[in-house]
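A structural walkthrough
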Amino acid sequence: MWCLILERTLLYFSCYIQELPHRTELYHEVPPTCWPIVYSPDYNITFMGLEKLHPFDAGKWGKVINFLKEEKLIADDLIVQAREATEDDLLVVHTRRYLNKLKWSFVVATITEIPPVLFLPNFLVQRKVLKPLRMQTGGTIMGNGHERDFMDDRRVYIMDVYNRYIYPGDGFAKRAIKRKVELDWGTEDTEYLQKVQTHVEGALNELRPDIIVYNAGTDILDGDPLGGLAISPQGIVKRDEVVFKAARSHRIPILMVTSGGYQKRTARIIADSILNLHNLGLIDKELATSEAENPKCNVEKLDCPSHLTIQRTRKASPWDCEILLTDIQNASSAGLHLPCKAI
């Protein structure tokens with residue numbers, strides 16, 4: 001089974017049918033009246049102000065939800081609730097030795113790039129730092145973590161659009177990219193959107209995936225301290241529109257994760273993008289409901305990665321979509337790499 005994942009405008013194709021080797025609580029039946037938006041308040045990291053020591057807004061997902069509530073688009077009982085990955089879930093892809101390392105605060109401090117975490121008791125680190133990451137999934141920064149994960153998996157097609165001059169500069173990981181689009185410092189809307197549209201269409205014309213997983217980072221935003229590009233808020237909204245329209249025109253289900261972005265205003269931009277997708281009819285609760293009630297639909301639960309619950313309807317319809325308000329990069333930092341599995 002093929003899966004397409006777009007990360008920061010990066011495309012992964014993978015997904016293979018396989019049963020999980022253990023009993024898991026990650027999967028649950030989703031009421032058909034819910035919006036295709038997966039969220040948990042536990043995503044947001046807050047503890048004694050330590051989250052402010054990192055440029056990433058660790059509470060942006062809650063802000064996005066609040067903006068959508070203000071616009072009367074969603075309500076708490078209409079959101080799909082994410083579940084936390086257990087140790088057994090994580091052991092599907094990690095050794096116990098690696099997970100045991102996360103029981104040392106200095107290791108987590110290194111991973112999160114927040115030195116004061118070193119001085120916290122590990123039970124607080126587990127509760128306040130790692131638990132939110134165990135509920136999240138996997139811009140401008142090259143997606144070298146996932147590229148290394150899928151290096152030798154021929155079922156995975158990766159398209160990555162990124163600033164060639166910034167972190168991580170991982171030459172080995174670049175070997176996994178099937179469609180590499182490298183950008184210069186200060187790239188602006190016109191050039192960026194043209195390249196995104198051209199290469200997304202090009203990738204989808206090369207092969208047809210069963211699902212698109214779109215890592216829609218906002219670290220491309222002008223002024224981002226790490227991204228180094230100059231994309232406007234309107235450019236980000238348009239980028240998401242381009243990707244969703246491409247998915248629909250090719251009749252491919254799509255999953256979007258919000259990923260990186262190191263400015264406080266990114267939450268408003270993400271919310272505006274979701275509202276725009278809704279206004280264009282590219283995401284809609286009624287469409288999800290009608291599909292769920294269609295007796296010809298076969299519901300297929302997906303795990304991308306194991307600590308996230310998503311669900312899509314398999315039918316001859318291009319309208320299937322999910323939006324996960326999570327961050328792939330943060331989850332990867334916490335040791336949460338998993339291939340995308342359909343079971």
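Residues numbered from 1 in each chain as written. Predicted model: local features only at pLDDT ≥ 70, side-chain atom pairs only at ≥ 80, totals over all residues. Heavy atoms only, no water.

Here we look at the packing of aromatic side chains
Rule in force here: Classification of ring pairs rests on two measures: the distance between centres of Phe, Tyr or Trp rings, Trp counted by its six-membered ring, which must be within 6.5 Å, and the angle between planes, read as stacked under 30 degrees, edge-to-face over 60 and tilted in between. Helix and strand labels come from DSSP, where a helix needs a run of H or I of at least four residues and a strand needs a run of E of at least two; each type is numbered from the N terminus. Remark: exposure states derive from per-residue accessible area (1.4 Å probe, protein chains only) relative to the maximum for the residue type, with buried under 20%, exposed over 50%, and partly exposed in between. Sitting over a ring, as applied to charges here, requires NZ of Lys or CZ of Arg to be within 6 Å of the ring centre and within 35 degrees of the ring normal.
By the definition in use, this model includes 3 aromatic pairs. Aromatic side chains Y43 and W61 sit 6.2 Å apart centroid to centroid with 75 degrees between the ring planes, which places their arrangement in the edge-to-face category. Residue Y43 is found in the loop between strand 4 (37–39) and helix 1 (60–70), and its partner W61 is found in helix 1; the two are separated by 18 residues along the sequence. Pair check on accessibility: Y43 and W61 agree, each one buried. Within the aromatic cluster, the residues linked to one another by ring pairs are Y39, Y43 and W61. Positioned above the aromatic ring of F67, the side-chain terminus of R268 is 4.4 Å from the ring centre.

Regarding the packing of helix 8 (residues 233–249) against helix 9 (residues 266–279)
The condition is simple: Axes here refer to lines fitted to C-alpha atoms; in helices the fit is confined to the stretch in contact. Angles between the N-to-C directions go from 0 to 180 degrees. Note on angle classes: values under 35 degrees are labelled roughly parallel, values over 145 roughly antiparallel, values of 65 to 115 roughly perpendicular, and the remainder oblique. In this scheme the crossing of two helices becomes right-handed for a clockwise turn of the near helix relative to the far one and left-handed for an anticlockwise turn of less than a right angle. Any two residues whose heavy atoms approach within 4.5 Å at even a single point are treated as in contact. Three classes are used, and their members are as follows: Ala, Val, Leu, Ile, Met, Phe, Trp, Tyr, Cys and Pro are nonpolar, Asp, Glu, Lys and Arg are charged, and the others, Gly among them, are polar.
Orientation of helix 8 relative to helix 9, taken along the N-to-C sense of each, is 40 degrees, at an axis distance of 9 Å. Accordingly, the angle class assigned to the pair helix 8 and helix 9 is oblique. Here the hand of the crossing between helix 8 and helix 9 comes out right-handed. Packed against helix 8, whose contacting residues are P233, I236, V237, D240, E241 and F244, the element helix 9 presents I269, D272, S273, N276 and L277 at the interface. The residue makeup of the contact of helix 8 with helix 9, split by class, is 6 nonpolar, 2 polar and 3 charged.

Examining helix 9
Which entries qualify depends on this criterion: One less than the residue count of a helix, multiplied by 1.5 Å, gives the span that helix is expected to have.
The first and last C-alpha atoms of helix 9 sit 20 Å apart over 14 residues, in line with the 20 Å expected at 1.5 Å per residue. The buried fraction of helix 9 amounts to 10 of the 14 residues, a majority that puts the element mostly inside the structure. Among the residues of helix 9, T266, A267, I269, I270, A271, S273, I274, L275, N276 and L277 are the ones counted as buried. Phi for G281, located one or two positions after helix 9, is positive at around 75 degrees.

Overview of the pattern of salt bridges
Spelled out, the test is: What makes a salt bridge here is a side-chain nitrogen of Lys or Arg within 4 Å of a carboxyl oxygen of Asp or Glu, nothing more.
What the rule picks out here adds up to 10 salt bridges. Linking E71 and R268 is a salt bridge whose minimum nitrogen-to-oxygen distance equals 4.0 Å. Judged by its relative accessible area of 43%, E71 is partly exposed. One salt bridge connects E191 with K195, and the closest N-O pair in it is separated by 2.9 Å. Taken together, the positions of E191 and K195, both in helix 7 (residues 189–206) and 4 residues apart, correspond to about one turn of that helix. Judged by its relative accessible area of 22%, K195 is partly exposed. Several salt bridges share partner residues, and in doing so they unite E71, R268 and D272 into one network.

Describing the pairing of strand 9 (residues 254–257)
Heads up, the condition is: At least two DSSP bridges between two strands are needed for those strands to be called paired. Crossovers are marked right-handed if the path from the first strand over the helix to the second runs clockwise, as seen with the strands pointing away from the viewer.
Both faces of strand 9 are covered, namely the face carrying I254 and M256 and the face carrying L255 and V257. Bridge count between strand 8 (residues 212–215) and strand 9: 4 bridges; the pairing is parallel. Looking across to strand 9, one finds that I212 is bridged to I254. On the question of chirality, the crossover connecting strand 8 to the parallel strand 9 by way of helix 8 is right-handed.

Focus on helix 8
For helix 8, with 17 residues, the first-to-last C-alpha span of 25 Å sits near the 24 Å given by 1.5 Å per residue. Backbone geometry just downstream of helix 8 places R251 in the positive-phi region, at approximately 60 degrees.

Quick notes on the nonpolar core
Operational definition: The definition of a nonpolar core used throughout is a set of buried Ala, Val, Leu, Ile, Met, Phe, Trp, Tyr and Cys residues joined through side-chain atoms within 4.5 Å.
Counting 51 residues, the largest nonpolar core has L68, I74, Y192, Y214, F244 and I274 as the members making the most contacts within it. If you tally residues by element for this core, the top one is helix 9, at 7 residues. If we skip the residues at most four places from it in the chain, I74 touches W35, I37, I65, L68, K69 and I79. Counting 17 residues, the second-largest nonpolar core is a separate cluster that includes L26, I45, L99 and I114.

Some words on the confidence of the model for the protein
What counts, and what does not: Confidence of the prediction at every residue is given by pLDDT, a number between 0 and 100.
Residues at a pLDDT of 70 or more form 68% of the protein, whose mean pLDDT is 75. Mean pLDDT values for the elements of the protein range from 30 in strand 13 (residues 341–342) up to 97 in helix 8. Within the model, the stretch residues 7–18 combines pLDDT values under 50 with 96 contacts to residues more than four positions away or in other chains.

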